[in-house]
Every structure is written in structure tokens, then in C-alpha cells.
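Results of the structural survey
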Number of protein chains: 2
Amino acid sequence: MIDSIRERRTIRKYTSEDISQELLNSLLKESFRASTMGGMQLYSVIVTREAEMKERLAPTHFNQPMVKNAPVVLTFCADFRRFSEWCNLREATPGYDNFLSFMNAATDALLVAQTFCTLAEDAGLGICYLGTTIYNSDKIIDILKLPELVFPITTITVGYPAEMPDQVDRLPFESLIHNETYKDYTSSDIDSIYEYKESLDENKKFVEDNAKSTLAQVFTEVRYTKDANEAISKNLMESLRKQGFIK
Amino acid sequence: MIDSIRERRTIRKYTSEDISQELLNSLLKESFRASTMGGMQLYSVIVTREAEMKERLAPTHFNQPMVKNAPVVLTFCADFRRFSEWCNLREATPGYDNFLSFMNAATDALLVAQTFCTLAEDAGLGICYLGTTIYNSDKIIDILKLPELVFPITTITVGYPAEMPDQVDRLPFESLIHNETYKDYTSSDIDSIYEYKESLDENKKFVEDNAKSTLAQVFTEVRYTKDANEAISKNLMESLRKQGFIK
């Protein structure tokens, strides 16, 4: 068993210690052993170390402080450009300006990102995923100068941990597994699946602080609202069109 | 460093040894420590062990022999259903029937899938990703009885290795990394990036066997053609609509 996975927690505060180029490159290089669609390696990683670039990226991640405080910020991109350029130079007509190809490249990028995180944590670093990458993809595309057929999928901040938060809760194991076919949840299943999460003091405080009556309302009315999700979905589709992945 | 990542290779042939329920559950449970959007755990795993179910799934994966030969087949699904049902039962109106929510849940599913693979390989098992999952999503949805807001993202076959293939090649490390901003590739960059891959005997044989003049043509004219990609993209969008993730 890999203890660093069992013991992991997301780290949002980092010491001022830099990550050496040697260590970063060795972790990235090993992460590229992850499985990849047809051996095509449909990803690129943009490494942000310069303070000015972090300053520019920060608002696109809703000013989460990790962006400016982490020594290294990595943006993992779906990339069908390199492969398509190769095709163009080899009397082959690439056909990767479509949604399936986007999903294939996004999958490649995420498998590499997660492998990098596992390796980084095992080496004593701490990481935090920024799901905001696809929320403001248009702005990130501009800042990182991503050309057509390249799309930012996720961002990781990484550094030496300056905190050791408690491990966060997980839903009961059995509720995430289905044998042979999907077994739909009854109301009483849902009650017991979420019972522990709802009972936690931190979550009760979360409900109170937001003046809501249930924890679910904090998600639907504060954190991930229908209006925001729909507006961002539209923006995301528009970005995919602009980058050439949807007609 | 985690040697099992550095030394990894995809395994397509498995011994007849079964994977114990205890080992499988312990690997899955640890994989659920992977990062997840807002702590929501937007995924479900469908475990296939029954021969009859493998038989039915096989054609959806273009009859790749691993599906029937592996002791365990795992389909990792994006799942906003469980969470939305919880909202419905807690006076909260879920707003997750949209494309952004699909991408968030797909990301969660892929981070868990990759963490599972790392753990499984470290425990001496071999895995193979089946990218075909999103190619025939509609049929897989039927077979696994996936309800609305659940979508199959990727499939992994897993078992004890009955082969030890050579490690496959990777593109030069530097060609996958961009410092600060994306540096577009020149023709001579592309030539040197793909030089090694094109020089391999197995790839030269691949070109010859397919009666093509370049390796790129094997990809664009045989393996991943424009026509197929476009037809599958349409089918995938249609499936997303049917499962409630696109209006």
C-alpha cells in the first residue's frame, strides 16, 4: 500500500521553500508514464513560477490565495495541437477538431495530473487542485497563450506543506460501489449515506454561518448554484468552440 | 519515488487468478482518498465480475479480449445523481443538469480511476484502460442500467499479469512542458519530437502492415479517423443529453 495516498490531505498553505527544478522535472517526467490514449500523449503542462504570471492567473481562480503563495502552479492542458501538427507534416489529415477528441485529450491530461499529485505527495510535497480552471477557461487561455486545440483542464498548486489539516470525511465505501448494475438510491439510502457528513460540527457551523437550514442548501444556494453552473457551462462550450474542439 | 509508476506498463493478459473481494475493496477504498470537487465525490464505480455481464460489455469495447479475460472490469462513472437526490431530500434545488457539472463529475471519476490504477499496480496487479467507454456510452448506459445524471467515463480491466511487455516509448520530456506560456511548435520541433517514435522497428512495421507511407497516416486513416471521431462526437453529445447533462 502507498501510505502517502492513505494519509493524504489537500494542502493549501506552503512554506517559502522553493521546489528545485530537478525535483519538479523528475516528478513530471515520471508522471508521463501514466496511461495515454493510443500512446498519443495528448497533453501539455504549463509551469508557472514567475510572480507576475501568478498575479495574472490569481483572479481567474477567484483569488484563491494558493495561486500566489505556492512556489509552483501547474496547468494541465488537453493538447491535440502537437499531434495534429505532426500529422500535417506527414501527409496525414488530422481529424481531431471535435468533442470526442477533446474528451480523449482531457482524460489524458487528468491521468497525468493525478499521477503527478501522487508522486509529489509521496515526495513530501503538498498539492491543491483548482477546479476553477474550466470556470474561467477563456481568461486562462489568453494568459497562458494557448493556441487552437489546446485547452486548460485543471490546475494544481504545489509546495512544501506549512499546515497539516485533519483528513476530510468520505462517504461510506459501499455507497460508491455498484455490483454488476447501478442500484438506484432510496430515500433511506440517501439519509444514511449523508448522515455522518451532516453530523460533523464543521458542517453544522457551515450551515449556521451561511444562514441556511440544511447542508445541501449551502451547496445549491452558495457554493455551486444552478445559475452560475448554467452561465459557466455556456462559457465553457463557447471556449471549446473558440479552441476548435466543437463546431 | 514510487517504483511501480516508473516501471509501469499496461497489462492486457491476465492469469486465471481471481482478485479477492478484500483486496479489491481495500484498493477502491484507498482510491476514494483522491481529491474531489468541493468534497462532493461525484462518482460511482460499477464492478463487473459475472461472465455474462462481461460477455455483454465486450462488444461495446470492440471485443478487446481483456474484457472477457480479466477477473474484474471496473467502469468509473461521473455521478451527480446521488448528490442531487440528497439535495432533493433536503429542501435544496440541485442545479447539476448541465455541461459544467458533467465535466466536474468526469474529473472526479478520472482522478479516482487513476489513483486506483496506481494502487493496483503497486499491489502487483496489472491494468488496462479502455478508452472505448465514451465511444459506446449509450450501449454501456443500457447494460449497466445507469440512470439520469450518471455517465460512464472510463473502464479499467484488472488482474494478475500474465505478460511483461516492454515499456512503450514516450515523447521527449521537454516537448510536453511549457514555461510560463505555451510555446508553439515549429516544423523542426515536430520533426525532432517524433523522430524517436518514427524510428522504432515496431512502428515501421505498423506502417508497412497497414500499407501506409507514414506513421501519422496509421493514426488518421486507420486508428482514429476524422469520420469516426465526428460520428462518435455526435453520439456522445446525444448520450449526454439523454443522461440529462446537456439541454
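Look up: the structure comes first, before these words.
Notes on the structure in this doc start here. None of the values given here were measured: they were computed from a predicted structure.

Turning to the interface of chain A and chain B, a few remarks are in order. Taken together, the contact between chain A and chain B spans 92 residues of the former and 92 residues of the latter. The element that contributes the greatest number of residues to the side of chain A that touches chain B is helix α6 (residues 99-122) of chain A, accounting for 13 residues. Partitioning the side of chain A that touches chain B into residue classes produces 45 nonpolar, 29 polar and 18 charged. Note that strand β5 (residues 177-179) of chain A and strand β1 (residues 43-48) of chain B share 3 bridges and pair parallel. Bridge pairing in β1 of chain B places I177 of chain A opposite V45 of chain B.

Looking now at the packing of α6 of chain A against helix α11 (residues 226-242) of chain B. Orientation of α6 of chain A relative to α11 of chain B, taken along the N-to-C sense of each, is 80°, at an axis distance of 7 Å. By the angle between their directions, the pair α6 of chain A and α11 of chain B is classed as roughly perpendicular. On the side of α6 of chain A, the interface is formed by F99, L100 and S101 of chain A, while α11 of chain B contributes N229, I232, S233, L236 and M237 of chain B. In terms of residue class, the contact of α6 of chain A with α11 of chain B is built from 5 nonpolar, 3 polar and no charged.

What relates the pair of chain copies is a rotation about an axis plus a shift along that axis. Mapping chain A onto chain B leaves a residual RMSD of 0.0 Å; the transformation is a rotation of 180° accompanied by 0.0 Å of translation along its axis. Those values place the two copies in the arrangement expected of a two-fold rotation axis. Both copies present the same face, since 100% of the interface residues in chain A are matched by interface residues at the equivalent positions in chain B.

Glancing now at the nonpolar core. For soluble globular proteins, nonpolar side chains are generally found buried alongside one another. In this structure, A78 and A109 of chain A together with A78 and A109 of chain B are the most contacted members of the largest nonpolar core, which totals 145 residues. Once you skip the residues sitting within four places of it in the chain, A109 of chain A turns out to touch Y43, F76, C77, A78 and I153 of chain A.

Taking strand neighbours across the sheet as the criterion, the 5 strands line up as β5(A)-β1(B)-β2(B)-β4(B)-β3(B) in an open arrangement whose pairing is mixed. Two strands close off the open sheet at either side, each with one partner strand: β5 of chain A together with β3 (126-130) of chain B. On average, adjacent strands in this sheet sit at an angle of 25° to one another, irrespective of strand direction. Two elements, β1 of chain B and strand β2 (residues 72-79) of chain B, share 6 bridges in a ladder whose sense is antiparallel. Bridge pairing links I46 of chain B to T75 of chain B in β2 of chain B.

Each value, and the rule that gives it
Residues numbered from 1 in each chain as written. Chains lettered and ligands numbered in written order. Predicted model: local features only at pLDDT ≥ 70, side-chain atom pairs only at ≥ 80, totals over all residues. Contact = placed C-beta atoms within 7 Å. Helix = DSSP H or I, 4+ residues; strand = E, 2+ residues; numbered from the N terminus. Nonpolar A, V, L, I, M, F, W, Y, C, P; charged D, E, K, R; others polar. Pairing = 2+ DSSP bridges. Axes fitted to C-alpha atoms, helices over the stretch in contact; angles between N-to-C directions. Parallel < 35°, antiparallel > 145°, perpendicular 65-115°, else oblique. Least-squares fit on C-alpha atoms with pLDDT ≥ 70 in both. Core = buried A, V, L, I, M, F, W, Y, C linked by C-beta atoms within 7 Å. Buried ≥ 20, exposed ≤ 12 C-beta atoms within 10 Å, placed from the backbone.

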